[in-house]
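# Results of the structural survey
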Amino acid sequence: MIHVIMGLKGSGKTKKLIDAINAAVADAHGDVVCIEYGKKLTYDVTYKVRLVDSREYGISTPDMLKGFLSGLHAGNFDITHIFVDNLYKIARSKDPVETENFLDWCSLFSAEKGVAFTFTIPGEPSDAPDYIARFMD
């Protein structure tokens, strides 16, 4: 399962993400991981969440993020949820083709491995392209 939280700056994306993370921890029968850019969620989510600062791992392309996600799962099959705060900033790309390919890959990975993904993406939700809108509520 993939879920996208999209909104303009200041629209409450991070608050929704924090609520979703804390709910996942309460309901999960496995481990919950949150990948962020910088260490800004440390005091907002429960200590049971594995917070990962993407800057510490040199992620700079969508393909590197795919490899990182694959490695996380390979090292811990108990991961049930992965949250990514600001996909564009972490993957360092807003390219529509790269974003669509990445989300398609995540959808397949999710189906095969049983890992749910939630991403925040900046932008106006009403302007979301189809490849993003299909993952929004």
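Here is a short report on the structure shown in this document.

This part takes up the packing of aromatic side chains. As enumerated under the stated definition, the model contains 6 aromatic pairs in all. Counting every residue linked through ring pairs, the aromatic cluster contains Phe 102, Trp 105, Phe 109, Phe 117 and Phe 119. Over the ring of Tyr 37 we find Arg 55, and its NZ or CZ is 5.5 Å from the ring centre.

Okay, the environment of Met 64 next. Counting through the fold element by element, Met 64 comes out in helix 2 (residues 62–75). Separated by 28 residues in sequence, Met 64 and Arg 92 place their C-alpha atoms 10 Å apart. Not counting residues within four places of it along the chain, the set of residues in contact with Met 64 comprises Gly 58 and Ile 59.

Now for the environment of Phe 119. With respect to the helices, strands and loops of the structure, Phe 119 is situated in strand 5 (residues 116–122). Overall, Phe 119 belongs to the buried group, its relative accessible area being 0%. When the C-alpha atoms of Phe 119 and Val 84 are compared, they prove to be 4.8 Å apart, with 35 residues separating the residues in sequence. When near neighbours in sequence (up to four residues on either side) are disregarded, Phe 119 contacts Ile 2, His 3, Val 4, Ile 5, Val 84, Leu 87, Phe 102, Leu 103 and Cys 106.

In this section: helix 4 (residues 96–113). Its 18 residues give helix 4 an end-to-end C-alpha distance of 25 Å, which sits within 8% of 26 Å, the value for a rise of 1.5 Å per residue. For helix 4, every residue scored as buried is listed here: Thr 99, Phe 102, Leu 103, Cys 106, Phe 109 and Ser 110. Down the axis of helix 4, the smallest arc covering the buried residues is 125°, so these residues share one side. Turned more than 90 degrees away from the buried face of helix 4, the exposed residues are Val 97, Ala 111 and Glu 112. Residues of helix 4 that are buried sit in contact with strand 1 (2–7), helix 2, helix 3 (87–91), strand 5 and helix 5 (130–133). Where helix 4 begins, the capping side chain belongs to Asp 95, and its oxygen is found 3.1 Å from the backbone nitrogen of Val 97. Positive phi shows up at Gly 114, right after helix 4, with a value of about 70°.

Turning our attention to unusual backbone geometry. Residues apart from glycine generally show negative phi values, whereas peptide bonds are mostly found in trans. Although it is not a glycine, Asn 86 sits at a positive phi angle of roughly 70°. Here Asn 86 shows up in the loop between strand 4 (79–84) and helix 3. Despite not being glycine, Arg 92 shows a phi value in the positive range, around 55°. Owing to a relative accessible area of 48%, Arg 92 belongs among the partly exposed residues under this scheme.

Packing of helix 2 against helix 4 leaves a shortest axis separation of 10 Å and a crossing angle of 15°. Relative to helix 4, the element helix 2 lies roughly parallel. Regarding helix 2 and helix 4, the two cross each other, and that crossing is right-handed. For the pair helix 2 and helix 4, contact is made by Pro 62, Leu 65, Lys 66, Leu 69, Ser 70 and His 73 and by Glu 98, Asn 101, Phe 102, Trp 105, Cys 106, Phe 109 and Lys 113, respectively. Taken together, the residues of the contact of helix 2 with helix 4 sort by class into 7 nonpolar, 3 polar and 3 charged.

Calculation notes
- For every chain, the first residue of the written sequence is number 1, and numbering continues from 1 along that sequence.
- Restriction of local features to residues with pLDDT of at least 70 applies here, the model being predicted, together with a cutoff of 80 or more for giving and counting side-chain atom pairs; totals for whole chains, interfaces and linings are based on all residues.
- For the side-chain quantities, the full set of heavy atoms in the structure was used; hydrogens and water were omitted.
- Any two of the Phe, Tyr and Trp rings considered here, Trp counted by its six-membered ring, make a pair once their centres fall within 6.5 Å; the pair's planes then place it as stacked at under 30 degrees, edge-to-face at over 60, or tilted in between.
- Definition used: whenever NZ (Lys) or CZ (Arg) falls within 6 Å of the ring centre and also within 35 degrees of the ring normal, the charge is taken to sit over that ring.
- Only DSSP runs of H or I covering at least 4 residues are called helices, and only runs of E covering at least 2 are called strands; the numbering of each starts at the N terminus.
- In what follows, a contact means two residues having at least one pair of non-hydrogen atoms within 4.5 Å.
- For the exposure calls, accessible area comes from a 1.4 Å probe over protein chains only, and a residue counts as buried if that area is under 20% of its type's maximum, exposed if over 50%, partly exposed in between.
- Every helix has an expected span of 1.5 Å times one less than the residues it contains.
- In this description, the arc belongs to the directions extending from the helix axis to the C-beta atoms.
- For the purposes of these results, a polar contact is taken to be a pair of N or O atoms within 3.5 Å, where, inside protein, one atom must be able to donate a hydrogen and its partner to accept one; residues adjacent in sequence count only when each atom of the pair is a side-chain atom.
- Fitted lines through C-alpha atoms give the axes, limited to the stretch in contact for helices. The angle between two N-to-C directions lies from 0 to 180 degrees.
- Roughly parallel means an angle under 35 degrees; roughly antiparallel means over 145; roughly perpendicular covers 65 to 115; every other angle is labelled oblique.
- The crossing is said to be left-handed when, going from far helix to near helix, the turn is anticlockwise and less than a right angle, and right-handed when the turn is clockwise.
- Three classes are used: nonpolar for Ala, Val, Leu, Ile, Met, Phe, Trp, Tyr, Cys and Pro, charged for Asp, Glu, Lys and Arg, and polar for all others, with Gly counted as polar.

In short, shape yes, function no, at least from these values alone.
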